[in-house]
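Per-entry structural report
The primary structure of each chain is shown beneath.
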Amino acid sequence: MKDDPKAAASRLSESMKQDFAREVAKYPPDQRQSAVMACLAIVQKEFGYVSQESEIAVADYLGMPPIAVHEVTTFYNMYNQQPVGKFKLNVCTNLPCQLRDGERALDHLCKRLHVEEGGTTADGLFTVQKSECLGACADAPVMLVNDRQMVSFMSNDRVDALIDTLATAAQPTK
Ligand code: FES
C-alpha cells in the first residue's frame, strides 16, 4: 500500500527524536512543553512545513494538547502550515512599512511572479506572503527571505533584482 504523504510528513525519525530530546533536556523535567518551538523548528527543517499530523506527533512527544501546539504554529508566521516554495518571501505590510509603500512592494512582487498573496509559483520556486512587523521599520519597506535574510528599502527595482538573483541561484550548476 502506498504511504500517505501527510502521514510520512509527520513521522518522527530517530534522529528527530534525538534532536527533540536535546531540546527537552534544556528545561526542568516538568516543563518539557517549553521545547515546543524548538521541536516545531526541527519538524519544519525536516519536512519543510508543519502539518497537522506533525503537530499531533509533537504534542504526543511533549505531553501537551494538540490545540496548544497548533496555537504556537499559527501564532508565528515563520512556521509553514503547508508546503512552500524554495524561496519564501514575506513582505511586511504593518503600518510603518505600509506608509512607505509596503503594499506596493507586495503588489509588485505578486504581479512579477504571477501569484496571489499566499501563493506559490507554478515552478515551486517562490511563495509570497504578507507578514507582521519584522522589527526593521527604519528600513521600510522590508522583506524577509526564507525566515532568515532581511532585505530593505524594497523599491520595484530592488524587488526585480532580488527575484532575478534568487532565480539564478536556483538554476542547476552546469
Ligand atoms: S512595520 Fe515593517 S518592519 Fe516594522
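Quick caveat, the model's predicted, so the values are computed rather than measured. (Residues numbered from 1 in each chain as written. Predicted model: local features only at pLDDT ≥ 70, side-chain atom pairs only at ≥ 80, totals over all residues. Heavy atoms only, no water.)

With that settled, the discussion passes to the pattern of salt bridges. Counted according to the given criterion, the structure contains 8 salt bridges. Between Lys 17 and Glu 14 there is a salt bridge, with the nearest N and O atoms lying 3.9 Å from each other. Taken together, the residues Lys 17 and Glu 14, both in helix 2 (residues 14-24) and 3 residues apart, mark about one turn of the helix. The exposure class assigned to Lys 17 is partly exposed, which follows from its relative accessible area of 34%. By relative accessible area, which is 55% here, Glu 14 ends up exposed. (Salt bridge = Lys/Arg side-chain N within 4 Å of Asp/Glu carboxyl O. Helix = DSSP H or I, 4+ residues; strand = E, 2+ residues; numbered from the N terminus. Buried < 20%, exposed > 50% of the residue type's maximum accessible area, 1.4 Å probe, protein only.)

What follows is about the packing of aromatic side chains. One pass over the full model with this rule turns up 4 aromatic pairs. Taking the centre distance of 4.9 Å and the plane angle of 80° together, the rings of Phe 75 and Tyr 76 count as edge-to-face. Geometrically, the ring pair formed by Tyr 76 and Tyr 79 is edge-to-face, given 6.3 Å between the ring centres and 85° between the ring planes. Sitting over the face of the ring of Tyr 61, Arg 32 holds its NZ or CZ atom 5.1 Å from the ring centroid. (Phe/Tyr/Trp six-rings, centres within 6.5 Å; stacked < 30°, edge-to-face > 60°. Lys NZ or Arg CZ within 6 Å of the ring centre and 35° of its normal.)

On to the pairing of strand 1 (residues 87-92), then. Within strand 1, 6 of the 6 residues are buried, which leaves it mostly tucked inside the rest of the structure. On strand 1, burial covers both faces: Phe 87, Leu 89 and Val 91 on one face and Lys 88, Asn 90 and Cys 92 on the other are all buried. Here 6 bridges tie strand 1 to strand 2 (residues 126-131), and the two strands are oriented parallel to one another. Of the residues in strand 2, the one forming a bridge with Phe 87 is Phe 126. Here strand 1 pairs with strand 3 (residues 143-145) via 3 bridges, running antiparallel. Within strand 3, the position partnered with Asn 90 by the bridge is Leu 144. (Pairing = 2+ DSSP bridges.)

Here we come to helix 3 (residues 36-47). An α-helix turns once every 3.6 residues. As a result, residues three or four positions apart point the same way. Over its 12 residues, helix 3 runs 16 Å from end to end, which matches the ideal 16 Å to within 8%, given 1.5 Å per residue. Listed as buried for helix 3 are Val 36, Cys 39, Leu 40, Ile 42, Val 43 and Gln 44. In this fold, the buried residues of helix 3 make contact with helix 2, helix 4 (52-62) and helix 5 (66-75). Phi turns positive one or two residues past the end of helix 3, at Gly 48, with a value near 90°. (Expected span 1.5 Å × (residues − 1). Contact = heavy atoms within 4.5 Å.)

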